[in-house]
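# Breakdown of the fold
Spelled out from the first residue to the last, the chains are:
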Amino acid sequence: TFHQGLPELPYPSIVYPLWPLVGGFFAWLFNITTAAYVIPPLFYFLVVYLAYRVGKVFFPDIEVLLGGVRWNPGHMLAALFAINRLFFYATSRPYTESLAYILVLTTMLLAHKFLHEPSSLRGGALGLLCALALLCRTQMILVCLTVIAISALMILCAKERKPYFI
């Protein structure tokens, strides 16, 4: 039910190259039907968790008291992803949406850490995440360009010994 009905292989396809590699890896660990039905919903929950981490890491000092419960931006961002029925539908199928969100949110977390504690290892990991995001969806070129712009800003500020804004 998840194939495109390709008449022969190799065949020009609109499928981005990263998802078949990830799907093939999990199909190697389990069988392909199990991987197609189980891995995408797990990716959905991973996206919700990463959204929580992004909200909490980027805005650690903000809390809202609602109904006697303290909510931080991580809760709010995760809830935006979690309660959206269309998002669940799109990310719980073996398509590239969940993988793209995983890569974007992981890139955001790593870029935040890179801004606070720059290192060549974190810079290399950011480059790898950008390459994977681009292989996941070509629209992720914006993520790559943003990381390049942030890195260039950091280099310019370091040359002039000016603090960059975080």
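Residues numbered from 1 in each chain as written. Predicted model: local features only at pLDDT ≥ 70, side-chain atom pairs only at ≥ 80, totals over all residues. Heavy atoms only, no water.

### Section: the overall build of the protein
A tally of helices and strands in the protein yields 7 helices and 2 strands. Starting at the N terminus, the α and β elements of the protein follow one another as α-α-β-β-α-α-α-α-α. Going through the 166 residues of the protein one by one, you find that 31% of them count as buried. Partitioning the contacts of the protein with sequence separation of at least 6, the portion at a separation of at least 24 is 61%. In the form shown here, the protein has an accessible surface area of approximately 11,100 Å², with 71% of it arising from carbon and sulfur atoms. (Helix = DSSP H or I, 4+ residues; strand = E, 2+ residues; numbered from the N terminus. Buried < 20%, exposed > 50% of the residue type's maximum accessible area, 1.4 Å probe, protein only. Contact = heavy atoms within 4.5 Å. Areas by Shrake-Rupley, 256 points an atom, 1.4 Å probe, with all protein chains shown as cover.)

### Let's talk about a nonpolar patch on the surface
Side chains of Phe58, Phe59, Ile62, Val64, Leu66, Val69, Trp71, Met76 and Met108 sit close together on the surface and give an oily, nonpolar patch of about 750 Å² of accessible area. Residue assignment for the nonpolar patch shows that the elements contributing at least two residues are β1 (64-66) and β2 (69-71). As for its position among the elements, Met76 is in helix α3 (residues 73-82). Owing to a relative accessible area of 36%, Met76 belongs among the partly exposed residues under this scheme. (Patch = residues over 30% accessible without salt bridge, like charges linked within 9 Å, V, L, I, M, F, W, Y side chains within 5 Å. Salt bridge = Lys/Arg side-chain N within 4 Å of Asp/Glu carboxyl O.)

### Points about the nonpolar core
Core analysis: the biggest nonpolar cluster contains 37 residues, and Phe43, Leu99 and Leu103 have the highest contact counts within it. Ranked by the residues each element gives to this core, the list is headed by helix α5 (residues 97-116), at 11 residues. If we skip the residues at most four places from it in the chain, Phe43 touches Trp19, Val22, Phe26, Ser98, Leu99 and Ile102. (Core = buried A, V, L, I, M, F, W, Y, C linked by side-chain atoms within 4.5 Å.)

### Focus: helix α2 (residues 32-58)
The terminal C-alpha atoms of α2, which comprises 27 residues, lie 37 Å apart, in line with the 39 Å expected from a rise of 1.5 Å per residue. On its buried side, α2 packs onto α1 (18-29), α3, α4 (85-91) and α5. Between the side-chain oxygen of the N-cap and the backbone nitrogen of Thr33 there are 3.2 Å, and the N-cap of α2 in question is Asn31. (Expected span 1.5 Å × (residues − 1). Polar contact = N/O pair within 3.5 Å; in protein donor to acceptor, adjacent residues only side chain to side chain.)

### Quick look at α3
An α-helical turn contains 3.6 residues, so a residue and the one three or four places further along point in the same direction. Within α3, burial applies to Pro73, Gly74, Ala78 and Phe81. Considered in projection along α3, the buried side chains sweep an arc of 130 degrees and stay on one side of the axis. Of the surrounding elements, those touching the buried residues of α3 are α2, β2, α4 and α5. Capping the start of α3, Asn72 holds a side-chain oxygen 2.7 Å from the backbone nitrogen of Gly74, two or three residues further along. (Arc of directions from axis to C-beta.)

### So, the packing of aromatic side chains
Under the criterion given, the structure shown has 10 aromatic pairs. For the ring pair Tyr44 and Phe88, a centre distance of 4.8 Å and an interplane angle of 85 degrees mean the geometry is edge-to-face. With a gap of 44 residues between them, Tyr44 in helix α2 and Phe88 in helix α4 connect regions that are remote in the sequence. Residue class for Phe88 comes out partly exposed when judged on its relative accessible area of 37%. Put simply, the rings of Tyr44, Phe45, Phe81, Phe87, Phe88 and Tyr101 touch in pairs and so form one group of aromatic residues. (Phe/Tyr/Trp six-rings, centres within 6.5 Å; stacked < 30°, edge-to-face > 60°.)

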